[in-house]
Amino acid sequence: MAVRAMLVYLLVLLELLVSVVGNAAQFDPYKTLGVTRSASQTEIKKVYKRLAKEWHPDKNKNPEAEDMFIKITKSYEILSSEEKRANYDRYGQTDDTQPYGHGHRGFRHFHDNFYFDESFFNFPFNSKSGRDSADSKYTLHFNQYINDVLPETFKRPYLIKITSDWCFSCIHIEPVWKEAVQELEPLGVGIGVVDVGYERRLANHLGAHRTPSILGVINGKVTFFHYAVVKEHLVQFVEDLLPQRLVEKVTDRNDRDFLKSWHDVNKPHVLLFDQVPVVPLLYKLTAFSYKDYVQFGYVDQGLSETADLLKQYNINTYAPTMLVFKENTDKPADIIQAKGMKKQIIDEFISNNKFLLAPRLVNQKVFDELCPVKQFHRRRKYCVLLITGDEDAFVPGNKAFLSLASANTNEVLRFTYVYQPLKNPFHQFFIHFKMSLVVILERRNGAGKVIYKPVLGGWNGSEEDKHRLLEELEHLQKDPSILNHDAMLPQLNNEFASMFLIRWIYTAYDYLSEIADDLLHNNWREMMPLLSLIFSALFILFGTVVIQAFSDSSEEKQTKPKTKESTKTENGSPNTTNTSRYLGYFTHNSIITRDVNHRINYDSIILPYFNTIK
């Protein structure tokens, strides 16, 4: 029986080896991409782009599209690297098939063509092509991470899993990972998977030195997960990644102050009404995505301190409600209420209310979005720009301009205004006027060229001024050539640049908190550069103090005999020779004594010598 069992075991093993050899023989990156072995990098890249676009699983509904896309990607990774390509041409294998953290440890006996590598036994633990099919759509590549994911982390956090085919522990966390992904992805969290067997470069770039690892990326910064892998901990980890003060708690006491700050921050304000005492993660993620456009406040419907707010806006307590306020703080500009508040609904609602009715041009980014460069005739946008001031004399005209903007329903027209400091790029429009001025302009290119027409007569908000502006806008719809002036505008200065210090303090606080968290969880590998820097600074400081102490001691020993000599002179009757000697000693050497016991009396020594000279 034992012999029979051994034969069965050998047959199974032989079958596995044959299947592995067959699979290895079937995979040929040249055949997969359809190029010759002498193909150049330009040809390979061109073919890869075409095939990747053709077989992308999101566009190609073929059941084999996913597997084909992975093969195409892997083939390009091999052939686009000179080292991997040469290794494949010589041995028929690449280092991507080896376990993470190991180099080539094969045997090259008898002949170079014979090469046996341990990666030959790299059996895939996951399904298709050694990867879990559920993770395949989240797979990240180095260039994809740098070009797409990294910029996107400034709008939403990413949760990334580091795994490999030889990682047994990865199999244990897989069910929890799937549950967390199913909960977090619909909320707007980005998901990524890095297989170190295929993307070792990206794993090293992220600082992941072991598998499995889970990390979060937000604002381009990587933070590692250190807790037990359970769904609740992963959700809390993502929430902790978000900056503090994203959503302000609003009650009956501070609602007026919150809404009236629209002018200072130049943003619409959104009030979120819900029954849970803690701000839901969905709202926090939304606030992070639109932090540059909208100010968010949260109202807990279960508090007695919010009863007046619920009554004032007639809020239905059975469903979450979202109100957006613009210049008018007494009446919401838009409202949405849904029992199942989904991310898509919120995104559409916020996107339609990103700006005030007449926002202020506080920086170049706002100018680019409100007044985009002309691309096509159908997409052209005209900016109705009020150049004014913030003094009391300009207030009536500013209010009249806002009322005109509130009544505007033409999507082609964008009403906006700018305050007129001396260094503002719009100073050239304003220089010949002593009052506010309305300018109709269209941007022609990103370099700053605009065509414009000033509305003659200035602007003080009178009915005559309104009538004149409406006539010009009506004429513009019929004949765009009335914009017969052109100018070159430099970049707009950031009006909120003075708030940089406050933002820096908040960032420093968050960074110090993360350092304390890393120390608490003994994440020494990631903390090693910082700890090395701290200990180096302490060593230099300690060495400086020791050297200074020895230096002070030697100076005191040298000062003592000189002090005794000065004392003798004080008690005696100095002659002219001694006078000149001591005078030169004090004036040229500038001796400053440090100790009270050795201090030389200026009145009793120096002044008598000056009197003697006189």
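Residues numbered from 1 in each chain as written. Predicted model: local features only at pLDDT ≥ 70, side-chain atom pairs only at ≥ 80, totals over all residues. Heavy atoms only, no water.

Per an unreviewed UniProt entry, the protein chain carries the name DnaJ (Hsp40) homolog, subfamily C, member 16 and comes from Astyanax mexicanus.

Structural notes on the sheet that holds strand 13 (residues 449-454)
Going by this rule: Here the rule is simple: two strands pair whenever DSSP picks up at least two bridges between them. Elements are defined by DSSP. Helices are runs of H or I of four residues or more, strands are runs of E of two residues or more, and each kind is numbered from the N terminus. Every axis in this analysis is a line fitted to C-alpha atoms, fitted for helices over the stretch in contact. Angles between the N-to-C directions lie between 0 and 180 degrees. Throughout, a residue-residue contact means that at least one pair of heavy atoms, one from each residue, lies within 4.5 Å.
Reading across the sheet, the five strands line up as 11-10-12-13-14 and stay open at both edges, with mixed pairing between neighbours. Lying at the two open borders of the sheet, with one neighbouring strand each, are strand 11 (413-419) and strand 14 (485-488). Taking the axes of each pair of neighbouring strands and ignoring which way they run, one obtains an average angle of 35° across the sheet. Sheet analysis places strand 13 next to strand 14, joined by four bridges and oriented antiparallel. When the sheet's bridge partners are listed, K449 is paired in strand 14 with M488. Against the sheet, helix 19 (residues 463-478) engages strand 10 (382-388), strand 11, strand 12 (437-443) and strand 13, with an angle of about 15° to strand 12.

Observations regarding the nonpolar core
What counts here: Nonpolar core, defined: a set of buried Ala, Val, Leu, Ile, Met, Phe, Trp, Tyr and Cys residues in which side-chain atoms within 4.5 Å join the residues together. Each residue's exposure class comes from its accessible area (1.4 Å probe, protein chains only) as a fraction of the maximum for that residue type: buried when under 20%, exposed when over 50%, partly exposed otherwise.
Judged by nonpolar contacts, the single largest core of 43 residues is most densely connected at L159, V270, Y283, F296, M322 and I350. Counting residues in hydrophobic clusters, the runner-up holds 22 residues, among them L386, A405, Y417 and I482.

A short note on the pattern of salt bridges
Our working rule: Salt bridges, as used here, are contacts in which a Lys or Arg side-chain nitrogen is within 4 Å of a carboxyl oxygen on Asp or Glu.
In this structure the tally under the stated criterion is 15 salt bridges. A salt bridge links R444 to E442; the shortest N-O distance between them is 3.6 Å. R444 sits in the partly exposed class, given a relative accessible area of 35%. In this structure, R468 and D465 form a salt bridge, with 2.9 Å as the shortest nitrogen-oxygen distance. With R468 and D465 both in helix 19 and three residues apart, the pair spans about one turn of that helix. The exposure class assigned to R468 is partly exposed, which follows from its relative accessible area of 22%. By sharing partners, the salt bridges in this structure join D255, R256 and D330 into a single network.

Overview of the environment of L51
Mapped onto the fold, L51 is located in helix 3 (residues 41-55). Under the relative-accessibility criterion, L51 is labelled buried at 9%. Residues L51 and T73, 22 residues apart in the sequence, show an inter-C-alpha distance of 9.3 Å. In contact with L51, not counting residues within four places along its chain, are T32, L33 and I72.

Examining the confidence of the model for the protein chain
In plain terms, the rule: Note on scores: pLDDT gives the predictor's confidence for each residue, bounded by 0 and 100.
For the protein chain, per-residue confidence averages 76 on the pLDDT scale, and residues scoring 70 or more make up 69% of the total. The low-confidence segment residues 18-25 (pLDDT under 50) makes three contacts with residues lying over four places distant or belonging to another chain. The model gives residues 567-571 a pLDDT under 50, and that stretch makes five contacts with residues more than four places away or in other chains.

So, the pairing of strand 12
The buried fraction of strand 12 is high, at seven of seven residues. Across the two faces of strand 12 the burial is the same, with L437, V439, L441 and R443 and V438, I440 and E442 all buried. Relative to strand 12, strand 10 is paired through five bridges, and the arrangement is antiparallel. Considered in strand 12, the bridge of C383 is made with L441. Relative to strand 13, strand 12 runs antiparallel, the two being bridged by five bridges. Each bridged residue has a counterpart across the sheet, and for L441 the counterpart in strand 13 is Y452. Between strand 12 and strand 13, which follow one another and run antiparallel, lie five residues, and G448 among them has a positive phi close to 115°.

Here we look at the state of the cysteines
For clarity, the cut-off: In plain terms, two cysteine sulfur atoms within 2.5 Å form what is called a disulfide here.
All told, the structure shown has two disulfides when counted by the stated rule. Each sulfur in the disulfide pair C167 and C170 lies 2.1 Å from the other. On the sign convention where negative means left-handed, the S-S torsion of about 90° between C167 and C170 marks this disulfide as right-handed. Here C167 falls in the buried class, since its relative accessible area comes to 6%. Should the bonded cysteines of the protein chain be numbered as they appear in the sequence, the pairing reads 1-2, 3-4.

Quick word on the packing of aromatic side chains
Which entries qualify depends on this criterion: Centres within 6.5 Å are what make two rings of Phe, Tyr or Trp a pair, Trp counting through its six-membered ring; a difference in plane orientation under 30 degrees is then read as stacked, over 60 as edge-to-face, and the rest as tilted. To sit over a ring, a charge needs its Lys NZ or Arg CZ within 6 Å of the ring centre and within 35 degrees of the ring normal.
A complete count under the given rule lists ten aromatic pairs for this structure. A centroid spacing of 5.3 Å and a plane angle of 75° characterise the contact between F225 and F237, whose relative ring orientation is edge-to-face. Linking F225 in the loop between strand 4 (221-224) and helix 10 (231-241) with F237 in helix 10, this pair joins segments that are twelve residues apart in sequence. Of the residues examined, F225 reaches a relative accessible area of 10% and is grouped as buried. Note that R201 overlies the ring of F142, its terminal NZ or CZ placed 3.7 Å from the centroid.

Notes on the pairing of strand 7 (residues 295-300)
This is how the line gets drawn: Orient the strands so they point away from the viewer; a crossover is then right-handed if the path from the first strand over the helix to the second runs clockwise.
Most of strand 7 is tucked away, with five of its six residues classed as buried. Pairing of strand 5 (residues 247-249) with strand 7 involves three bridges; the strand directions are parallel. Bridged to E248 within strand 7 is G297. Bridge count between strand 6 (residues 269-274) and strand 7: six bridges; the pairing is parallel. Each bridged residue has a counterpart across the sheet, and for H269 the counterpart in strand 7 is Q295. What joins strand 6 to strand 7 is helix 13 (residues 281-289), and the crossover it makes is right-handed.

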